[in-house]
Amino acid sequence: MLKKILFLLSLPAAVISAGDVEIIKAEYGSGRQWADVREIICHRLATEAKSFPADHQTFGDPAPGVKKILKLTYRIGAEARNAVFQENETVVLTPEILQMHDPESPEFYGSPDTVKIQQMVSDAVQQGVTRLKIPEGIYHLRAPSHAPKHLTFKELHNLEIDASGSVFIFETEYKSGIAFQDCSDIMFRNVTLINKTTPFSQGEIISISPDGDTIDVQVHDHYPTEIADGYKTPILNFYDPVTRQLKKNARMAHIRSVETHTPQILRFHMEKDQIKPETISSGDLAVWRRIEGHEVSVEGCRNMKFINVTLKNAIGAAVLEVGGEGDNYYSYKVTYADPPEGASQRPLLSGSADGFISYDTRRGPTLENCLFEGIHDDGINISALYYFILEVSGNSAVAAITHFACAAGDEIGFFDFDLQKTGSAGIVSIERLRNYREPREIYKHGSITYSGPGQKELYRLTFDREPPVQPGNYAVNLSRCGNGFAIRGCTIRNKRGRGCLIRGSGTIENCLFENILGGAIDAMPEFYSFSEGPYVENLTIRNNVFRDVNRANFFQFAGAVNIYSFAGSYVPLNRPQGGHRNILIEDNRFVNNDGPNVIITTSENVTVKNNLFMNPMMEQSLNRSIGGLDCSALVWAAHVRNLTLAGNIVRNPGKLMKKLFSAGTDVTGNGFHNGIRCEQNDDFP
């Protein structure tokens, strides 16, 4: 190998060979900031690696905070050509892939309809108009060969794009639909967005091994059997073949691997103890993801309006909002597409992950009158991403950061090793670190997201005071966690995951949550899994309907509405003052929900009042008495300071409800004996 490296380094300075391809020049960057990365590619080739990501881990970051590209000049035979790869795109140094990324290739700019839409928007910007009407029609869009999206709109301002009566069909498999980047005061409205190929697949279970380790699924005719290269599909979910609804008490089951048994039969090798024979059997239907990601992204935008848009066959999160000043407004649907051409079975899913995700935005989103049905993960997820602290010195700290979205003046919150709040400090200055040697031993405290050195960008943050944090602790940007969000009049139904997974401050009101495997609302930080937080503070949950939720919650410590915390498992933590604060749950209707209906932990100043619980705890749930949870209680609390129960009514309770309220460790407040009343029996214990 050393001889091979020396040989490559001895080549003429302008040429590196990759088999039939000679790399003449390679630059990575943007604008006026470029890095010569020819030697880095040389070393990659020396290890026979013809594919690698175009990102900061491969090439460094010559232009921090902006989108970058990799520009190659290469030769095949006697002809010199160019290729362009976007940041985070996988670079493959084969003639076929390089030619697809050639700016002179016919596919470089996508299909004619793709070029037409992009040109109409570009012309509107050049002409300075404030409203663009897309002519009514069906647009067949293929993504530019070099781009990860079908359409990309950058730095648009003060423009309405009205596509009334139009349908955009995204035809390039595994690529996202639309990106809005660094836009402000934009309205996008009145259009249907459809992926031509489903980003999920489905079929009928034809056999289950006696030990539950393997499941054979006959893929429905004309549904895909392939899964995206490099993607490990994580879970199966199960449906009743008659009702075509998610099966009650049938949790999502984690997949170890997948193999093609016959052309139309996939064999799923399952993780241990995932399949319960009493809930899953041959003849049931199964669904799985083929790709994740997102369909529409709103990146670094302000005052964006996304109105009367319908998404079908959405890749991953239907809409992803990330970074920026925020204060964006959304009113859209994610619903089922027609069956694939030639198929007789209707799709069981409408997309392959969440309905909406927001992270690291300064002002929270408003979602109004949205419909999310048939999606394959959480309905609405709002958070900021945690930082992992590597070093603390005086008023500064070194942090590994998954997504850089902070500025001087932002308030950063800190947490101790018990994952409790310790205080905050304001950012004075930020320095990107490029040659910092990460202390490997600190990562023993890390999460799945922060599992070891060399994976994240590193920054030195200097604060206006000494930060109350230690190496190995977490921090979060309290100024950019979606505070002030509003979720109003939305319907979230017929899905796995949770209805809303939220952090920060905001309001959820006048919504319907129905037929959901997980809880309707989970207010909780996730430290050890996806590193999303912080705790909620100033949250109102009002006048919603929670019907048939918590039907097969993977987390056995959960109810219909949950205010709690996560520390590697769903169990309560100590010190109420270190978690959630100022929560109001009022005037909601809980209908046909089994197991505890409300669970509250690690909180202070919580009020639960004037809620109606109808037909609760009729059948056995999957809850277990972990963390002290009392599975016989309608409402359960632990580690809560100043909890108030008042005016709550129970109508027609099931035989499994033995208590109206049960308190675990360290609960103070009032109304524990009369704040919940059974309508038919005032003497209910």
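Residues numbered from 1 in each chain as written. Predicted model: local features only at pLDDT ≥ 70, side-chain atom pairs only at ≥ 80, totals over all residues. Heavy atoms only, no water.

This part takes up the overall build of the chain. Helix and strand counts for the chain stand at five helices and 52 strands. Compactness check: the chain gives a C-alpha radius of gyration of 26 Å against a globular reference of 26 Å for 685 residues, within 12% of the reference. Across its three principal directions, the C-alpha atoms of the chain cover 90 × 65 × 60 Å. In the chain, of all internal contacts separated by at least 6 residues, the share reaching a separation of at least 24 is 73%. Summed over its atoms, the accessible surface of the chain is roughly 27,000 Å², and 48% of this surface lies on carbon and sulfur atoms. (Helix = DSSP H or I, 4+ residues; strand = E, 2+ residues; numbered from the N terminus. Rg over C-alpha atoms; globule rule 2.2 N^0.38 Å. Contact = heavy atoms within 4.5 Å. Areas by Shrake-Rupley, 256 points an atom, 1.4 Å probe, with all protein chains shown as cover.)

This next bit is on the nonpolar core. Note on soluble globular proteins: their nonpolar side chains tend to be buried together. Judged by nonpolar contacts, the single largest core of 85 residues is most densely connected at Phe168, Tyr332 and Phe513. Here this core takes six residues from strand S48 (residues 633–646), the largest share from any one element. Contact partners of Tyr332, with chain neighbours within four places excluded, come to Phe306, Val309, Leu311, Ala318, Val319, Gly355, Phe356, Asn369, Cys370, Leu371 and Phe372. Core analysis: the next-biggest nonpolar cluster, separate from the first, contains 20 residues, Val398, Leu458, Tyr474 and Phe527 among them. (Core = buried A, V, L, I, M, F, W, Y, C linked by side-chain atoms within 4.5 Å. Buried < 20%, exposed > 50% of the residue type's maximum accessible area, 1.4 Å probe, protein only.)

Our next topic: the sheet that holds strand S31 (residues 421–433). One closed barrel accounts for six strands, arranged S28-S29-S32-S31-S30-S33; its pairing is antiparallel. In this sheet, neighbouring strand axes are inclined to one another by 45 degrees on average, regardless of whether the strands run parallel or antiparallel. (Pairing = 2+ DSSP bridges. Axes fitted to C-alpha atoms, helices over the stretch in contact; angles between N-to-C directions.)

What the rule picks out here adds up to 31 aromatic pairs. Aromatic pair Phe415 and Tyr535: ring centres 6.1 Å apart, planes at 40 degrees, arrangement tilted. Linking Phe415 in strand S30 (residues 411–415) with Tyr535 in the loop between strand S40 (532–533) and strand S41 (536–542), this pair joins segments that are 120 residues apart in sequence. When sorted by exposure, Phe415 lands in the same class as Tyr535, which is buried. An aromatic cluster of at least three residues, connected via ring pairs, comprises Phe153, Phe180, Phe188, Phe306, Tyr330, Tyr332, Phe356 and Phe372. Above the ring of Trp34, the side-chain terminus of Lys71 is found at 4.2 Å from the ring centroid. Sitting over the ring of Tyr450, Lys456 keeps its end group 5.9 Å from the ring centre. (Phe/Tyr/Trp six-rings, centres within 6.5 Å; stacked < 30°, edge-to-face > 60°. Lys NZ or Arg CZ within 6 Å of the ring centre and 35° of its normal.)

This part covers the layout of surface pockets. As a volume, the second largest pocket reaches approximately 410 Å³. Residue lining of the second largest pocket: 17 residues in total, with Ile194, Asn195, Lys196, Pro339 and Glu341 positioned closest to the centre. Contributing elements (two or more residues each) for the lining of the second largest pocket: strand S9 (138–141), strand S11 (157–170) and strand S13 (184–195). Here the residues of the lining of the second largest pocket are counted per class, giving seven nonpolar, five polar and five charged. (1 Å grid on protein atoms, 1.4 Å probe; cavity = no way out; pocket = protein on both sides within 12 Å on 5 of 7 lines; lining within 4 Å. Points joined across faces, edges and corners; volume = space filled by probe spheres on them. Nonpolar A, V, L, I, M, F, W, Y, C, P; charged D, E, K, R; others polar.)

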